[in-house]
There are 2 protein chains.
Amino acid sequence: MAEAGERPDEDELIARFLRPLATSEGAAELRDDAAGYAPPPGHELVLTTDAIVAGVHFFPDDPADAIARRALRVNLSDLAAKGAEPAGYLLTLALPPDWTVNWLEAFTNGLRADQQAFGLSLYGGDTVRTHGPVWVSVTAFGLVPDGRRPLRAGARVGDCIYLSGSVGDAALGLLLRQNPDLFKSWGISIDERDHLLDRYLKPQPRVRLASTIAKFASASMDVSDGLLGDLERLCEASDVAAAVEIDNLPLSPAARKALRADFDAQAAVLGGGDDYEILATLPPEHVKDFEESARRARIPVTRIGEIVGGAAGRLRVTSGGRVLNVPARKYQHF
Amino acid sequence: MAEAGERPDEDELIARFLRPLATSEGAAELRDDAAGYAPPPGHELVLTTDAIVAGVHFFPDDPADAIARRALRVNLSDLAAKGAEPAGYLLTLALPPDWTVNWLEAFTNGLRADQQAFGLSLYGGDTVRTHGPVWVSVTAFGLVPDGRRPLRAGARVGDCIYLSGSVGDAALGLLLRQNPDLFKSWGISIDERDHLLDRYLKPQPRVRLASTIAKFASASMDVSDGLLGDLERLCEASDVAAAVEIDNLPLSPAARKALRADFDAQAAVLGGGDDYEILATLPPEHVKDFEESARRARIPVTRIGEIVGGAAGRLRVTSGGRVLNVPARKYQHF
């Protein structure tokens, strides 16, 4: 927040920065107390809320557009995991006394770009003052066909476990951000370093995979708190256990190099947060159609294990068939 | 936040304090990434979001249950103004490092009491850490019959203007909170003082008036930023002017005394915030049915003026027929 510039009052702030984002009729140009939304017949609404706080969920000096995108995308990732296409969102932004027009412009540019990329619009907003850190709270809603919203609790013994994209990049990006010297010790290229940093800075919600998940998944969740901890949660909810072969985990070339060079990187890959990939289970008879549907959506998916009987939430993690002792690390926000 | 006590981790915190509030099936006991909600046929969803920040919207030493209720009620007031019955809400709570179990218990007790009083349940929640002030962000949603959601923009020349409850109590309560000596200079009783303080501390959203508003109002909004400023906003949205006779304004006995004793109290009554009453317009032919419907809902309503032709947003304010020069004061959050 460098330059002060002129500072509009709240009405002007809404008119100039937020109203252009409220393109749906129900939002009434943010001129009303509340918005209206009528879901189309045959669909259920999916609702989620997630907030991000400077110094906790992002770096205070992150670019404003990246902060905006993160706030929106962590919510879109939850919708995608429930098979829901995004429809709209409501946003609360807490600004410190020294906020600037430039910062807010970049912030709303980030929102605008993502609205276009993911097909949703702003339905309500609130701006508040704070003397603490900047924070952004988003409630997003989307649509899934009736009866097709996969829960975490739907996994059955014999189901295959799939993961979208690759795992661990964001956690490694965060390590690099905190300790830039790791770049050298991991022996990665500048492009690979930038890939990891970018994966942390800009989560990629798997929105294009939503309809595939709605069609085929028996259980699904997004991986935001570490792969193994989140798989443990899914298994607990479903009252099943899981077997995972870590040699099958989808890794980016950068992550592969980091893992070879640095034993500590393994904990980040298996237990670190911010992947925003989708972890889904499906019965073996759906594997072929699921993979074909994901391919058409241009989202890579990888089979990483299977649901087995056993104590709820127990994970059997192997590498080349050899059982590893990997304590699951659930990310705790407190 | 007096005692530390034992401090549960995030999973335990959700299980112990928030899960009992998530009583609807779609909330999946908060064990999932997102909630599901299917609005009944023939209804439109109404969505609103409002956040409150310690030191800005409430006093940091307010009782935790009152903070929780305020966070929920300011949103329910928006729903009621759009004719919507509450259905559910999503909540984000930012806690400082020194939060206590006692505080959180009181906070969630406040939510539970209001869920029962107003007929809604928790559909999603997020808890985050903050090193700044405590804040609470709520997104509430409700239902209004299709085509019955009154906008701010629907007022027509000739419509009557109605206000629920009484005006100014909360603003006077805030003045008293800031300067307890006013109690003496206003010459009010202890009960009257407590009434004003309570009206500030615990907004009373006019949820019971929602269906009456949906049936009869041509335009409606909640009064949260001062009666005259909000009426000005409604008239701007509707491209009309208004005539208001302030001798007709509904005042509590306490407010009446304060007004007689203290000229400054008038600005608080006409321009102060936090009333959370409903300001509605309706065509004269609906007056009788509207009043009867409000009476059955046990919400007092008072006719305070009428919509007239003229420049959009212009207010003609009279006292005993004599035109007053009262600058409208829109509350600005920045």
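Reading the values: the criteria
Residues numbered from 1 in each chain as written. Chains lettered and ligands numbered in written order. Predicted model: local features only at pLDDT ≥ 70, side-chain atom pairs only at ≥ 80, totals over all residues. Heavy atoms only, no water. Least-squares fit on C-alpha atoms with pLDDT ≥ 70 in both. Contact = heavy atoms within 4.5 Å. Phe/Tyr/Trp six-rings, centres within 6.5 Å; stacked < 30°, edge-to-face > 60°. Helix = DSSP H or I, 4+ residues; strand = E, 2+ residues; numbered from the N terminus. Buried < 20%, exposed > 50% of the residue type's maximum accessible area, 1.4 Å probe, protein only. Polar contact = N/O pair within 3.5 Å; in protein donor to acceptor, adjacent residues only side chain to side chain. UniProt positions renumbered as here; feature names shortened; annotations may be inferred. Salt bridge = Lys/Arg side-chain N within 4 Å of Asp/Glu carboxyl O. Buried area = accessible area lost by both parts, 1.4 Å probe. Disulfide = S-S within 2.5 Å. Pairing = 2+ DSSP bridges. Axes fitted to C-alpha atoms, helices over the stretch in contact; angles between N-to-C directions.

What follows covers the relation of the copies chain B and chain A. Laying chain B over chain A is done by rotating through 180 degrees and shifting 0.0 Å along the axis; what remains is an RMSD of 0.0 Å. The operation mapping one copy onto its partner corresponds to a two-fold rotation axis. Nearest to the rotation axis, the C-alpha of B:Gly132 is located 2.0 Å from it, this being the minimum over chain B. Both copies contact each other with a shared surface, as 100% of the interface residues of chain B are interface residues in chain A too.

Take the packing of aromatic side chains next. Residue and element names in this part refer to chain A. Per the counting criterion, the structure on display carries 13 aromatic pairs over all chains. Relative to Tyr200, the ring of Phe59 has its centre 6.2 Å away and its plane inclined at 75 degrees; by these criteria the two rings are edge-to-face. Here Phe59, found in the loop between β2 (43-53) and α2 (64-81), pairs with Tyr200, found in helix α6 (residues 190-201); they are 141 residues apart in sequence, far enough to count as distant. Residue classification places Tyr200 among the buried positions, given a relative accessible area of 5%.

Mapping A:Ser220 onto the fold places it in strand β7 (residues 219-223). Reaching out from A:Ser220, the side chain makes a polar contact with the backbone oxygen of A:Ala81 at a distance of 2.6 Å. Those residues within four positions of A:Ser220 in sequence are excluded, and the remaining contacts are A:Ala81, A:Lys82, A:Pro150, A:Leu151, A:Arg152, A:Ile213, A:Leu234, A:Ile278, A:Leu279, A:Ala280, B:Asp32 and B:Asp33.

Looking now at the UniProt feature "binding site: Mg(2+) 1" (unreviewed entry) in chain A. The positions that UniProt labels "binding site: Mg(2+) 1" (unreviewed entry) are, in the present scheme, A:Thr49, A:Asp50 and A:Asp126. Residue position: A:Asp50 is located in strand β2. For A:Asp50, a relative accessible area of 19% corresponds to the buried category. The contact partners of A:Asp50, leaving out residues within four places of it in the chain, are A:Val74, A:Asn75, A:Asp78, A:Val136, A:Ser137, A:Val138 and B:Asp126. Examined against the element boundaries, A:Asp126 turns out to sit in strand β4 (residues 121-129). Given the relative accessible area of 9%, A:Asp126 is considered buried. Discounting chain neighbours no more than four positions away, the residues touching A:Asp126 are A:Leu91, A:Thr92, A:Leu93, B:Thr49, B:Asp50 and B:Ala51.

Per the UniProt record, "binding site: Mg(2+) 3" (unreviewed entry) is found at A:Asp33, A:Asp78 and A:Asp222. Spatial dispersion of the annotated residues is evident: they stretch over 190 residues in sequence, and the largest pairwise C-alpha distance comes to 32.7 Å. Along the chain, A:Asp33 falls in the loop between α1 (10-18) and β1 (35-37). Given the relative accessible area of 7%, A:Asp33 is considered buried. A:Asp33 has contacts with B:Thr48, B:Asp78, B:Ala81, B:Lys82, B:Arg152, B:Ser220, B:Met221 and B:Asp222, leaving out every residue within four places of it along the chain. Residue classification places A:Asp222 among the buried residues on the basis of a relative accessible area of 3%. The residues contacting A:Asp222, other than those within four sequence positions of it, are A:Val74, A:Ser77, A:Asp78, A:Ala81, A:Asp230, A:Tyr276, A:Glu277, A:Ile278 and B:Asp33. At a separation of 2.7 Å, a polar atom in the side chain of A:Asp222 contacts the side chain of A:Ser77.

This part takes up the side chain of A:Arg206. Residue and element names in this part refer to chain A. Position of Arg206 relative to the elements: it lies in the loop between α6 and α7 (210-216). When its relative accessible area of 13% is taken as the criterion, Arg206 is described as buried. A polar contact of 2.7 Å, which involves the side chain of Arg206, links it to the side chain of Glu277. Leaving out residues up to four positions away in the same chain, Arg206 has contacts with Ala80, Ser164, Gly165, Arg199, Tyr276, Glu277, Ile278 and Ile299.

Okay, the environment of B:Ala51 next. With respect to the secondary-structure elements, B:Ala51 resides in strand β2 (residues 43-53). Sequence separation between B:Ala51 and B:Ser220 is 169 residues; the distance between their C-alpha atoms is 22 Å. With sequence-adjacent residues up to four places away left out, B:Ala51 is seen in contact with A:Thr92, A:Asp126, A:Val128, A:Trp135, B:His57, B:Val136 and B:Ser137.

Residues and elements named next belong to chain B. One pass over the full model with this rule turns up 40 salt bridges over all chains. Among the ionic pairs, Asp114 bridges to Arg69, the shortest N-O distance being 3.8 Å. Of this pair, Asp114 sits in helix α3 (residues 101-118) while Arg69 sits in helix α2 (residues 64-81), and the two are 45 residues apart along the sequence. Of the two residues, Asp114 and Arg69, both sit in the buried class. For the salt bridge of Arg70 with Asp274, the shortest nitrogen-to-oxygen distance reads 3.6 Å. Note that Arg70 is positioned in helix α2 and Asp274 in the loop between α10 (264-271) and β9 (277-282), a separation of 204 residues in sequence. By relative accessible area, Arg70 is classed as buried at 3%.

Contacts between the two partners involve 59 residues from chain B, matched on the other side by 59 residues from chain A. At the boundary of chain B with chain A, total buried surface from both sides reaches about 5,000 Å², with 56% on carbon and sulfur atoms. There are 8 salt bridges connecting chain B and chain A. Sorting elements by how many residues they give to the side of chain B that touches chain A places β2(B) first, with 9 residues.

Before going further, it helps to spend a moment on the state of the cysteines. All names here are of chain A. By the definition in use, this model includes 0 disulfides over all chains. Cys235 forms no disulfide, and the closest cysteine sulfur to it belongs to Cys160, at a distance of 13 Å. Of the residues examined, Cys235 reaches a relative accessible area of 0% and is grouped as buried.

Before going further, it helps to examine unusual backbone geometry. Within the chain, A:Asp239 stands out as a residue other than glycine whose phi angle is a positive 60 degrees. Note on placement: A:Asp239 falls in the loop between α8 (227-238) and β8 (241-245). On the basis of relative accessible area, A:Asp239 is assigned to the exposed category, the value being 56%. The phi torsion at B:Tyr276 lies on the positive side, around 55 degrees, for a residue other than glycine.

An order of β4(A)-β3(A)-β5(A)-β2(A)-β1(B) is seen for the 5 strands of this open sheet, with the pairing classed as mixed. Taken across any chain shown, the strands that pair with only one partner, and hence form the sheet edges, are β4 of chain A together with β1 (35-37) of chain B. Neighbour-to-neighbour, the strand axes of this sheet turn through a mean angle of 20 degrees, independent of strand direction. When β2(A) meets β1(B), the two strands line up antiparallel, connected through 3 bridges. If you follow A:Leu45 over to β1(B), its bridge partner there is B:Tyr37. The strands touched by helix α3 (residues 101-118) of chain A within the sheet are β3 (85-95), β4 and β5 (135-145) of chain A, with β3(A) carrying the most contacts at an inclination of about 170 degrees.

A separate point is the sheet that holds β1(A). Taken together, the 5 strands give an open sheet; going across it, the order is β1(A)-β2(B)-β5(B)-β3(B)-β4(B), and neighbouring strands pair in mixed fashion. Edge positions in the open sheet fall to β1 of chain A together with β4 (121-129) of chain B, since each of these has one partner strand only. When the angles between neighbouring strand axes are averaged without regard to direction, this sheet yields 20 degrees. One ladder, built from 11 bridges, connects β2(B) with strand β5 (residues 135-145) of chain B; its direction is antiparallel.

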